[in-house]
Amino acid sequence: MKNIGRENIMSDKKFSVVGIGNAIVDVIANVDDDFLTTHSIKKGNMKLICKDEAELLSGKINVVEEIPGGSAANTIAGLASFGSKVAFIGKVRNDPLGETFENGLKGIGVNCNTKKVKAGMPTGRCVVLITPDAQRTMNTFLGISETLGEDDINEEVISDSEVTYLEGYLWDSDKSKKAFLKAIDTAHNSGGKVALSLSDSFCVDSHRDEFLDLVKNYIDILFANEDEIKSLFMVKSFESAVDNCKDIKIICVLTRSEKGSVITSGGRAYIVKVVPPTAIVDTTGAGDLYAAGFLYGFTKGSDLYTCGRIGSIAASEVISHFGARPGTPLGKLIDKKGL
């Protein structure tokens, strides 16, 4: 594993971060708990659904908003809001949702490398159901995005990025796994760092051994929430999970909702308090935007505590309104905080 000190950040590269993940459009709606019960949907989870299920569910809700989404894409959008030069690699269909996704990223200054396929499955969508307690429940039809393969990986963009950020949700097919490994090799061979988000405890349960191998042998920075990191190491307490993180030679960034976050590196742990939001409206994207803030600080050479502080500010902003993208330029928020 390469040294992950600040002296290794490649400031001469064109992009600070390139994200690789599912290219999907978020379809956001407000529902009550009874709606979830009626449709046998478990609150707070991410569930993969087929095209027919996505269309059926979409027909039973009152849509609040349709916006380009996807976990890694949300993180990249957050970095763009900070003012970072960023890129995204994904896959869409040449259809209206594909246009919506691509235009949404390009419109905020992201170098969007999404291949627009003329045939096959449509562009993916995620039906995000928001209950009155601000919990988000995601019903995801991955569509054409899950066919991302080695040929879709833009090596030039990755080589010209300081950090390559990988979305754990995409680790579901052999094609996507090969694409990830190609991206990892390209990043490290060009002196870049690799970050991985575990994305969801469902992903960890499904791919635990492979994720552990990635974490121990290929990844420089790991992002996970409390449930995900406990699942990864198969421990019952968060404290035990932190101890496991201290033993591995990477940076581990662990979020805990209202309890703040913990960052481990070099056997040490840094505790970062939560930044209280003005209101809690929709928790969709909190982890994605925390990652954006952390990576912004990291690529600017900030210490780990400050990186976590910036991540907390970004997460606080995004949960104060609907949607998983910033409603206020994040660069202005941290300027006000003197960060």
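Scroll up for the structure.
Residues numbered from 1 in each chain as written. Predicted model: local features only at pLDDT ≥ 70, side-chain atom pairs only at ≥ 80, totals over all residues. Heavy atoms only, no water.

Description of helix α8 (residues 226–233)
Argument step 1. The buried count for α8 comes to seven of eight residues, which makes it a mostly enclosed element.
Argument step 2. Turning to α8, its buried residues number three or more, namely E226, E228, I229, K230, S231, L232 and F233.
Argument step 3. Close packing links the buried residues of α8 with α7 (201–217), β11 (221–225), α9 (238–246) and β12 (251–255).
Argument step 4. With a side-chain oxygen lying 3.2 Å from the backbone nitrogen of D227, the N-terminal cap of α8 falls on N225.
Argument step 5. One or two steps after α8, the chain reaches M234, where phi turns positive at roughly 55 degrees. (Buried < 20%, exposed > 50% of the residue type's maximum accessible area, 1.4 Å probe, protein only. Helix = DSSP H or I, 4+ residues; strand = E, 2+ residues; numbered from the N terminus. Contact = heavy atoms within 4.5 Å. Polar contact = N/O pair within 3.5 Å; in protein donor to acceptor, adjacent residues only side chain to side chain.)

A short note on the side chain of N113
Argument step 1. Position of N113 relative to the elements: it lies in strand β6 (residues 111–117).
Argument step 2. Among the polar contacts listed, one links the side chain of N113 to the side chain of N111, at a separation of 2.6 Å.
Argument step 3. Contacts of N113, omitting those with residues within four sequence positions, involve A87, F88, I89, G90, N154 and V157.

Structural notes on empty space enclosed by the protein
Empty space left among the atoms is revealed by rolling a probe the size of a water molecule over them.
Argument step 1. All told, the structure shown has one cavity of 30 Å³ or more when counted by the stated rule.
Argument step 2. Taken as a whole, the largest cavity holds about 30 Å³ of empty space.
Argument step 3. What lines the largest cavity is L142, E146, Y169, L170, D172, S173 and S176.
Argument step 4. The residue inventory of the lining of the largest cavity, partitioned by class, reads three nonpolar, two polar and two charged. (1 Å grid on protein atoms, 1.4 Å probe; cavity = no way out; pocket = protein on both sides within 12 Å on 5 of 7 lines; lining within 4 Å. Points joined across faces, edges and corners; volume = space filled by probe spheres on them. Nonpolar A, V, L, I, M, F, W, Y, C, P; charged D, E, K, R; others polar.)

Focus on the sheet that holds strand β4 (residues 63–69)
Argument step 1. An order of β3-β8-β7-β2-β4 is seen for the five strands of this open sheet, with the pairing classed as mixed. Looking at which strands have only one partner, the edges of the open sheet turn out to be β3 (46–48) and β4. Sheet twist, expressed as the mean angle between neighbouring strand axes with direction ignored, is 20 degrees.
Argument step 2. Pairing between strand β7 (residues 123–130) and strand β8 (residues 136–143): seven bridges, direction antiparallel. Pairing of V127 across the sheet is with N139, part of β8.
Argument step 3. Against the sheet, helix α2 (residues 51–58) contacts β7 and β8, and its axis sits at roughly 45 degrees relative to β7. (Pairing = 2+ DSSP bridges. Axes fitted to C-alpha atoms, helices over the stretch in contact; angles between N-to-C directions.)

Some points on the packing of helix α11 (residues 304–318) against helix α12 (residues 330–337)
Argument step 1. Where α11 meets α12, the closest approach of the two axes is 10 Å, and the angle between their N-to-C directions is 125 degrees. Classified by the angle their axes make, α11 and α12 are oblique. Regarding α11 and α12, the two cross each other, and that crossing is right-handed. Mapping the contact onto sequence places I310, I313, A314 and E317 in α11 and L330, L333, I334 and K337 in α12. (Parallel < 35°, antiparallel > 145°, perpendicular 65-115°, else oblique. Left-handed = near helix turned anticlockwise from the far one by under 90°.)

Quick look at the side chain of T131
Argument step 1. Structurally, the position occupied by T131 is in the loop between β7 and β8.
Argument step 2. A distance of 2.6 Å separates a polar atom in the side chain of T131 from a polar atom in the side chain of D133.
Argument step 3. Here T131 is in contact with V31, D32, D33, L36 and K43, once residues within four sequence places are set aside.

Looking at the sheet that holds β11
Argument step 1. One open sheet holds the nine strands; their spatial order is β6-β5-β1-β9-β10-β11-β12-β13-β14, and the pairing between them is mixed. Unpaired on one side and paired on the other, β6 and β14 (268–272) mark the two borders of the sheet. Sheet twist, expressed as the average angle between the axes of neighbouring strands with direction ignored, equals 20 degrees.
Argument step 2. By the bridge criterion, five bridges tie strand β1 (residues 15–20) to strand β9 (residues 161–167) in an arrangement that is parallel. Bridge pairing in β9 links I20 to L166.
Argument step 3. Here helix α6 (residues 174–189) sits on the sheet and contacts β1, β9 and β10 (193–197); the angle it forms with β9, its principal contact strand, is near 160 degrees.

Concerning the packing of aromatic side chains
Argument step 1. Under the defined criterion, the tally for this structure stands at seven aromatic pairs.
Argument step 2. Ring centres of Y165 and F223 lie 5.8 Å apart, and the angle between their planes is 75 degrees; on these two criteria the pair is classed as edge-to-face. A residue pair is termed long-range when its members are at least 10 positions apart, and Y165 in strand β9 and F223 in strand β11 qualify at 58 residues. Note on accessibility: Y165 and F223 belong to one class, buried.
Argument step 3. Here the aromatic rings of F223 and F294 are separated by 5.6 Å at their centres, their planes lie at 85 degrees, and the arrangement is edge-to-face. Of this pair, F223 sits in strand β11 while F294 sits in helix α10 (residues 286–299), placing them 71 residues apart in sequence.
Argument step 4. Relative accessible area serves as the criterion here: at 5%, F223 is assigned to the buried category.
Argument step 5. Just above the ring of F238 sits the side chain of R256; from NZ or CZ to the centre is 3.9 Å. (Phe/Tyr/Trp six-rings, centres within 6.5 Å; stacked < 30°, edge-to-face > 60°. Lys NZ or Arg CZ within 6 Å of the ring centre and 35° of its normal.)

Purely geometric stuff here, so don't read any function into it on its own.
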